[in-house]
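The residues making up each chain are set out below.
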Amino acid sequence: MSSSDRRSFLTLLAAAPLAACGFAPVYGPNGAGGALRDRLRIAPPDTRLGFVLVARLEDRLGRASAPTHALGWEITTDDRDLAITGTDDITRTNVIGTLTFAVTEIGSDRTVQSGEVSTFTAYSTTGSPVSTTAARRDAEDRLMVALADQLVSRLLSGATDWA
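Residues numbered from 1 in each chain as written. Predicted model: local features only at pLDDT ≥ 70, side-chain atom pairs only at ≥ 80, totals over all residues. Heavy atoms only, no water.

### Some points on the sheet that holds strand S1 (residues 40-42)
- Pairing is mixed in the open sheet, where four strands are placed in the order S1-S2-S3-S4. Two strands bound the open sheet, and with one partner strand each, they are S1 and strand S4 (111-124). Neighbour to neighbour, the strand axes of the sheet diverge by 25 degrees on average, direction disregarded.
- Relative to S4, strand S3 (residues 90-105) runs antiparallel, the two being bridged by 13 bridges. Residue Gly-97 lies in a different strand from S4, and its bridge partner there is Thr-119.
- The strands touched by helix H3 (residues 48-61) are S1, strand S2 (69-84) and S3; relative to S2, the strand with the most contacts, the crossing angle is about 125 degrees.
- Across the face of the sheet, helix H4 (residues 129-158) comes into contact with S1, S2, S3 and S4 while running at roughly 150 degrees to S4. (Pairing = 2+ DSSP bridges. Helix = DSSP H or I, 4+ residues; strand = E, 2+ residues; numbered from the N terminus. Axes fitted to C-alpha atoms, helices over the stretch in contact; angles between N-to-C directions. Contact = heavy atoms within 4.5 Å.)

Below, the structure written as structure tokens:
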């Protein structure tokens, strides 16, 4: 058996347990990734954070021209001081974000998937007021991208039941 044949055999052997458990690639033929693409009407943003979130969701899921489902969402954020010096100066802050979501069928308003995702980012507060403000905005933008990516993963894992 040649080394090429051996590699092909080993690849097939490694994939066998995945096929037996019902594994299907998300972006493969008839996968949830294709079923969601361009089918969700995402609620429009009304804040800067919402704009960053929706932009990332549209990058990942597309902008629906003929949506079958609507995605509603709500962002909550909270700041937590992370590093405080002996003189009570705050040198690092966590921004904790939670994204609550619901996917409903257009026409029936039946909720087909809902839940929440959360994560955090941090930024340094040791610079000038201008650099601290810029660091905070960057941390908030990174937080929205991370929440959007978590939401897409959650939608893809649940879409096989409704998409």
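### Concerning the side chain of Thr-98
- Relative to the helices and strands, Thr-98 is located in strand S3.
- Take Thr-98: its relative accessible area is 18%, and that puts it in the buried class.
- Not counting residues within four places of it along the chain, the set of residues in contact with Thr-98 comprises Glu-74, Ile-75, Thr-76, Glu-116, Val-117, Ser-118 and Leu-147. (Buried < 20%, exposed > 50% of the residue type's maximum accessible area, 1.4 Å probe, protein only.)

### A word on the confidence of the model for the chain
- Here the chain averages 85 in pLDDT, and 79% of its residues register 70 or above.
- Of all the helices and strands in the chain, helix H1 (residues 3-20) carries the lowest mean pLDDT, 60, while H3 carries the highest, 97. (pLDDT = per-residue confidence, 0-100.)

### Some words on the environment of Ala-135
- Residue position: Ala-135 is located in helix H4.
- Looking at Ala-135, the relative accessible area reads 23%, which means it is partly exposed.
- Distance in space between the C-alpha atoms of Ala-135 and Thr-125 is 7.9 Å, their sequence separation being ten residues.
- Setting aside anything within four residues of it in sequence, one finds Ala-135 in contact with Tyr-123 and Ser-124.

### Description of H4
- Counted at 1.5 Å a residue, the expected span for H4 with its 30 residues is 44 Å, and the 43 Å between its end C-alpha atoms agrees.
- Among the residues of H4, Thr-132, Ala-139, Glu-140, Leu-143, Met-144, Leu-147, Ala-148, Leu-151, Val-152, Leu-155, Leu-156 and Gly-158 are the ones counted as buried. (Expected span 1.5 Å × (residues − 1).)

### Quick word on the pairing of S3
- As defined by bridge partners, S2 adjoins S3 across 15 bridges and the pair is classed as antiparallel. Within S3, the position partnered with Glu-74 by the bridge is Thr-100.
- The antiparallel hairpin formed by S2 and S3 contains five residues in its connecting segment, where Asp-88 sits at a positive phi of about 65 degrees.
- Adjacent in sequence and paired antiparallel, S3 and S4 are bridged by five residues, among which Gly-107 carries a positive phi angle near 105 degrees.

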